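A look at the structure
One-letter residues, chain by chain:
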Amino acid sequence: MFLINTFFIALATMLGTFIFNFKKKRTKAIPLKNQILIIAAAIVITIPSLISASTLVKQTYNQTQLTSFIDNELPSLYVVNKEIASGKIKLTVIGSNLSNSEINKLDDKLPDYQLGDYKLQFQQLSKGNYLSVNAFKKYVDQEKSDNVQSSTTDSSDKNLLKLEQQLNKKYPDAITKVYVGQLVDKSKNKQALVLIKLNKDNEAQQAEIKKYTENLAKKLDIDATVHFTEE
């Protein structure tokens with residue numbers, strides 16, 4: 001980029017000098033050999049510049065289309081990471097487990113977003129409402145510590161800490177452990193993740209706790225997704 005900028009600034013300056021005729025009388029014309037070298041250099045630098053610019057525009061366009069695809073077709077999933085490379089779109093997601101038939105249907109919708117040349121590939125961190133603690137730890141922004149709980153002690157995460165405390169207070173006999181942290185994707189978008197371990201696998205109680213947690217998160221102005229762990 002430095003070479004391209006330097007060359008074309010110099011070229012524009014030279015052309016501007018000739019066009020506006022800053023010197024009323026030119027002492028000497030540019031030798032033919034030098035003119036040929038300038039034209040050759042311009043061609044050599046312009047071709048890779050156009051290729052680079054075209055690649056950059058295509059990547060930006062694909063990223064924009066992928067964002068639209070995720071927003072429209074995967075509203076119930078939280079996309080932790082997205083990557084377009086080697087003819088594949090790799091998505092790391094948390095949420096409802098996708099079956100092969102559902103993934104195939106999503107593949108069929110890619111041409112609608114001008115992404116028909118790519119194939120979807122999912123890494124699903126959760127199974128239904130269940131998420132492993134290891135997956136949680138891997139994708140939670142832990143700041144400077146490997147301790148998942150430590151992220152809640154920062155002053156900026158007081159609401160997360162309050163949510164955790166109120167959950168333990170509301171369901172002291174039902175909840176064994178609560179993990180709370182921030183998920184961060186490559187676009188620096190953040191979403192709180194609440195991971196709950198229950199004493200017993202009770203679907204009715206699980207639904208009640210999930211609903212309570214989601215409502216509590218809204219009251220605390222937290223964008224959160226709630227999952228349970230069996231570990």
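This text goes with the structure placed above it.
Residues numbered from 1 in each chain as written. Predicted model: local features only at pLDDT ≥ 70, side-chain atom pairs only at ≥ 80, totals over all residues. Heavy atoms only, no water.

Under the definition given, this model contains 2 aromatic pairs. Note on phenylalanine 69 and tyrosine 113: the rings are 5.4 Å apart at their centroids and 85° apart in plane angle, and the pair reads as edge-to-face. Linking phenylalanine 69 in helix H2 (residues 32-73) with tyrosine 113 in the loop between helix H3 (100-109) and strand E3 (119-124), this pair joins segments that are 44 residues apart in sequence. Among the residues examined, phenylalanine 69 registers a relative accessible area of 0% and is labelled buried. Ring centres of tyrosine 171 and tyrosine 212 lie 5.7 Å apart, and the angle between their planes is 80°; this geometry places the pair in the edge-to-face category. Pair noted here: tyrosine 171 is in the loop between helix H5 (158-170) and strand E7 (175-184) and tyrosine 212 is in helix H6 (residues 203-219), with a separation of 41 residues, a long-range link. Overall, tyrosine 171 belongs to the buried group, its relative accessible area being 8%. A relative accessible area of 24% places tyrosine 212 in the partly exposed class. (Phe/Tyr/Trp six-rings, centres within 6.5 Å; stacked < 30°, edge-to-face > 60°. Helix = DSSP H or I, 4+ residues; strand = E, 2+ residues; numbered from the N terminus. Buried < 20%, exposed > 50% of the residue type's maximum accessible area, 1.4 Å probe, protein only.)

Our focus in this paragraph is the pattern of salt bridges. A pair can form between side chains of opposite charge whenever their charged atoms are brought close. Here the structure, examined in full by the defined rule, presents 2 salt bridges. Measuring nitrogen to oxygen at the nearest pair gives 3.5 Å for the salt bridge that ties lysine 119 to aspartate 107. Taken together, the positions of lysine 119 in strand E3 and aspartate 107 in helix H3 put the pair 12 residues apart, joining distant regions of the chain. (Salt bridge = Lys/Arg side-chain N within 4 Å of Asp/Glu carboxyl O.)

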